[in-house]
Amino acid sequence: MESCIFCKIARKDIPSLCVYGDDLVMAIADIEPVAIGHTLIIPKQHYLDVFDIPEPTMGRLSNIAQKLAKAYKTHLGIQGVNLLNASGKAAQQTVFHFHLHLIPRYNGDGIDLNFKGNPDLREESEAALKKIKLI
């Protein structure tokens, strides 16, 4: 896609600090990091969101996320990691090219990603999930 920022980065039209690259995916430093080592893992081909990306490419992204997390633990001394994706406007996606945020976590870093659950939704949620059978 011509105007997509991540497509431009994948084509090397825009420079980035790339920490990993292969034929399917690349991992780049986020230009507005929320933690030291904040990395974006993107497919080189344009896919809108999690609903659009093919399974093999999604698998490769996950594999690279794990390898990077292990490398960051060894070389950056991280104590944890968050892998985040937003798919769709309702999920607050702002860049419409699938990407995973790999956010290194450090003890006492002040980042709070706790979700406040709603126990009143449990029954309705479980009823909805019972309608789905993938196996």
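Look a little higher up for the structure.
Report on the accompanying structure. (Residues numbered from 1 in each chain as written. Predicted model: local features only at pLDDT ≥ 70, side-chain atom pairs only at ≥ 80, totals over all residues. Heavy atoms only, no water.)

A separate point is the overall build of the chain. Counting secondary structure elements, the chain contains three helices and five strands. With the C-alpha coordinates of the chain rotated into their principal frame, the extents come out at 50 × 40 × 25 Å. A burial count over the chain gives 30% of its 135 residues as buried. Taking as baseline every contact in the chain between residues at least 6 positions apart, the subset at least 24 positions apart corresponds to 53%. Taken as a whole, the chain presents about 9500 Å² of accessible surface, with 57% of it coming from carbon and sulfur. (Helix = DSSP H or I, 4+ residues; strand = E, 2+ residues; numbered from the N terminus. Buried < 20%, exposed > 50% of the residue type's maximum accessible area, 1.4 Å probe, protein only. Contact = heavy atoms within 4.5 Å. Areas by Shrake-Rupley, 256 points an atom, 1.4 Å probe, with all protein chains shown as cover.)

This part covers the pairing of strand β1 (residues 18-21). On a regular strand, each side chain points to the face opposite its neighbour's, so the side chains alternate between the two faces of the sheet. Bridge count between β1 and strand β2 (residues 25-29): three bridges; the pairing is antiparallel. If you follow Y20 over to β2, its bridge partner there is A27. (Pairing = 2+ DSSP bridges.)

Glancing now at the pairing of strand β3 (residues 39-43). Here β3 lies mainly inside the structure; five of its five residues are buried. The two faces of β3 match: T39, I41 and P43 on one face and L40 and I42 on the other face are all buried. Bridging between β2 and β3 involves five bridges; their strand directions are antiparallel. Paired with I28 across the two strands is L40, which belongs to β3.

Take the pattern of salt bridges next. Applying the stated criterion across every chain, the model contains four salt bridges. Its salt-bridge partner being D22, residue R60 comes within 2.8 Å of it at the nearest N-O pair. On the criterion of sequence distance, the pair formed by R60 in helix α2 (residues 55-75) and D22 in the loop between β1 and β2 is long-range, its members being 38 residues apart. With relative accessibility at 25%, the residue R60 sits in the partly exposed group. (Salt bridge = Lys/Arg side-chain N within 4 Å of Asp/Glu carboxyl O.)

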